[in-house]
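Geometric and topological summary
The lines below spell out each chain.
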Amino acid sequence: CGVNSKNCEQSVLNKGGGNSPAGHSTTKARTRTCGRLFDAGRGRLKVGSHSIFLALAFLSVCNGVQACGPFFPNNLLGGGDEVLLAAPVADFRRELARLDLPPSRFDYVAAADGCAQATFDAELADLAAALKRANVPNTDAAQTIEGHRANRAKLREFVAAYAVWDSESAMDPDQSASTTRGAAPVVPVLAEDPDLPAEFADYFAGAVAREDPKANPEAAAAAWERLLDRPAAERKYKSTWAAFMLGQFWEEQDDDEAVRYFQLARDLARRGFKDSIGLAAAALGLEARVELRRNHFQRAIQLYLEQYASGDNSAVQSLRIAAQQAIHSALPEEQQALVTNQLTRSVILAHLISAHTTADYPTGDRPRVNPESAWLAAVEAAEVKD
């Protein structure tokens, strides 16, 4: 940065000896070297011959033309008309905030220490609450909680060790490698606790099966289905968790089943089943991901908006991606629905004014398409006035 007027004046005052008579004289003399603009005795701009020229010259050196910073060009006034005529670029996050969305029915729960630790802590807290609700004596409850904590810790250590072992697959012996990873870690032996509430036992059995690379993947789903088949009074704490995990299980196999379970997780949370780590809000984003994969853009954007309204800022990037894909890939009937829906239209327009998108290029007989122009044409054809 160039020296600004305040710093220039201050340097002269420092060298001139403050407010002493001699310093005052020296100050005035030195001030003239900075453009003859400042009368240091009065602290005002002098008005005299060539004052406009000197003011512009001073600003060009000290304050105005040369700018600095990470987000704008070094020279602002040297760009000619382009600087004034260029359209401003909006901020997508701020545009979303301007939508003034109503609060979500679900709350996002931030995992300050990571998802694994948050899950671990929440399950033990829920178990303590369940045992207290069942009037289990404190001594027995403490023993059950400690046993489950130990089993959870063993499973967690196995998962971490297996992840490290699996990440070193490049070290497997081949023509150029001489080292090996050694044997794969095995699932630890876990102590059974007959006093562990059935819903916690079912959920944990599913979690163990899910993490065991040798187990049948269906075993995890079966355990969580068994939990959901129990009477509602017996599954207050783990029903939402089981439905969410079943949604994840089916996401890789059957989109309709995945959507059904993600919606069930939210329905259970609405009905008062425990949602201690914010799985209902997370299910919004995962269901939206399924819908986006199916090119159901309106539904995906609506779900991501509710996820954003829950307080989950990861939805901002998801909305960017959904808007971009909608511009490029929506079929005419889907595009019409996006245009006429005020919220989806606002999200896509917010994306357009806050990002640099690229045109699709022709393939074969297909002409070059500018996605922004195509979208704005659809808005105009729908006679949207807002």
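Description of the structure in this document. (Residues numbered from 1 in each chain as written. Predicted model: local features only at pLDDT ≥ 70, side-chain atom pairs only at ≥ 80, totals over all residues. Heavy atoms only, no water.)

**Here's the deal with the pattern of salt bridges**
Under the criterion given, the structure shown has 18 salt bridges. In this structure, D202 and R226 form a salt bridge, with 3.1 Å as the shortest nitrogen-oxygen distance. You can see D202 sitting in helix α8 (residues 198-211) and its partner R226 sitting in helix α9 (residues 217-228), a full 24 residues away along the chain. Accessibility expressed as a relative area gives 5% for D202, which makes it buried. By relative accessible area, R226 is classed as partly exposed at 40%. With a shortest N-O distance of 3.2 Å, E211 and R210 are connected by a salt bridge. According to the relative accessible area criterion, R210 is partly exposed, its value standing at 46%. Via salt bridges that share partners, E251, D255, R289 and R293 belong to a single interconnected network. (Salt bridge = Lys/Arg side-chain N within 4 Å of Asp/Glu carboxyl O. Helix = DSSP H or I, 4+ residues; strand = E, 2+ residues; numbered from the N terminus. Buried < 20%, exposed > 50% of the residue type's maximum accessible area, 1.4 Å probe, protein only.)

**So, the packing of aromatic side chains**
Counted according to the given criterion, the structure contains seven aromatic pairs. Plain terms: the ring middles of F200 and Y237 are 6.3 Å apart, the flat faces sit at 35° to each other, and that makes the pair tilted. Here F200 is found in helix α8, whereas its partner Y237 is found in the loop between α9 and α10 (239-251), with 37 residues between them in sequence. As far as burial versus exposure is concerned, F200 and Y237 are alike and both buried. (Phe/Tyr/Trp six-rings, centres within 6.5 Å; stacked < 30°, edge-to-face > 60°.)

**A short note on the nonpolar core**
Counting residues in each nonpolar core, the largest one holds 34 residues, and the members touching the most others are L96, I301, L319, L338, V347 and I348. Going through the elements one at a time, α5 (92-97), α12 (279-293), α13 (297-309), α14 (314-329), α15 (332-340), α16 (342-353) and α17 (371-381) are the ones with two or more residues in this core. Those residues in contact with V347 that lie beyond four places of it in its chain are F92, L96, L99, I301, L305, L319 and A323. (Core = buried A, V, L, I, M, F, W, Y, C linked by side-chain atoms within 4.5 Å. Contact = heavy atoms within 4.5 Å.)

**With respect to the side chain of Q335**
Here Q335 lies in helix α15. With sequence-adjacent residues up to four places away left out, Q335 is seen in contact with A330, A374, W375 and A378.

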